[in-house]
Amino acid sequence: RAKAYQQHVTQTYTTAAYANRLDNLLRQIVPAVNDNSTVTLRPATIADIEAVSRVHLAAFRGFFLSRMGKAFLREYYRTIIDYPRGVALVAVSEQQGIVGFATGFADPPTFYDRLRRRRFALAIAALPALLRAPWLLSKLKANRRRVIDNASSEVASQVCELSSLAVLPQWRGRHLGRGLVAEFLHRARQTGVQTVSLTTDAENNEATNQFYHSLGFQLAAAEQAYGTRTLNRYVYPPATSKVKAAA
């Protein structure tokens, strides 16, 4: 799997090409966000973890991470915010506080290694959910295998992964998601990477796939997750040169 990922994702990008694409995206998106003067985008802090977890649960009802419970989410997002090359942003309404967020991390193998070293804290946080729904354990093990696969890919260390993007349901349709992605791309570039990567469900998820396509992301590969679930992997910016051959 790591080899296939390398074949699809190892691209040659120049800083100028990334900057030009990002500047165009910001011109299209940021004015739409700034039209709503009551919302600002800023880096997330440890103090935001509770609100970020709340938004996650509201935006992703029934999803795997949501089923793991708020305590697990708090530990997970704490790991991202504490990570030196983490990218965590929140959209803040003057009236309602945090209404959306985007999180991710440069050099995913190093991040996943850090996550693995926090497995005991994460396991304790997940324990109530696992006791209520033991079947979650099989999905947790499948995700762990996927983490190990990602951590073994050398090329993955050269990208920044957009791991979560969420907006409260009542705030959708106001371009907050687009604004968060644009700002995430900007800050990801500041970490020194030239490529941003993400995964999303391939099936019964047309709106989300179209959303990332409209922002200039390119479909790079399809990956098998647990069970019959298939994930589409997108990269930004799109390929501008030939894919390097895998070693």
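As shown above, the structure is provided for reference.
Our subject in this report is the structure included herewith. All values derive from a computational prediction rather than experimental measurement.

1. With respect to the sheet that holds strand β2 (residues 86–93)
Read from one edge to the other, the open sheet built from seven strands follows the order β1-β2-β3-β4-β5-β7-β6, with strand pairing classed as mixed. Only two strands of the sheet have a single neighbouring strand rather than two, namely β1 (39–43) and β6 (218–224). Averaged over all adjacent pairs, the angle separating strand axes in this sheet is 25°, with direction ignored. Across eight bridges, β2 lies against strand β3 (residues 97–106) in antiparallel orientation. Counted as the bridge partner of Ala91 is Gly100 from β3. Where helix α3 (residues 49–59) meets the sheet, its contacts fall on β2, β3 and β4 (159–167), and the angle it forms with β3 comes to roughly 95°. Docked against the sheet, helix α10 (residues 206–214) engages β4, β5 (195–201) and β7 (230–236), running at close to 165° with respect to β5.

2. A few points about helix α7 (residues 119–132)
Because the α-helix completes a turn every 3.6 residues, residues three or four places apart line up on one side. With 14 residues, α7 should cover 20 Å at 1.5 Å per step; its first-to-last C-alpha distance of 20 Å lies within 8% of that length. Helix geometry: α7 is bent most strongly at Ala126, by close to 50°, with proline Pro128 lying one to four residues after it.

3. Some remarks on unusual backbone geometry
Between Tyr236 and Pro237 the backbone carries a cis peptide bond, its omega angle lying at -5°. For Pro237, the position within the fold is in the segment after β7. In this structure, His175 is a non-glycine residue whose phi angle is positive, near 70°. Relative to the assigned elements, His175 resides in the loop between β4 and α9 (176–190). One non-glycine residue with positive phi stands out, namely Asn204, at about 50°.

The rules behind each value
Residues numbered from 1 in each chain as written. Predicted model: local features only at pLDDT ≥ 70, side-chain atom pairs only at ≥ 80, totals over all residues. Heavy atoms only, no water. Pairing = 2+ DSSP bridges. Helix = DSSP H or I, 4+ residues; strand = E, 2+ residues; numbered from the N terminus. Axes fitted to C-alpha atoms, helices over the stretch in contact; angles between N-to-C directions. Contact = heavy atoms within 4.5 Å. Expected span 1.5 Å × (residues − 1). Bend = angle between axes of the 7 residues up to and from the residue.

Keep in mind that these numbers describe shape and distance, not what the molecule does.
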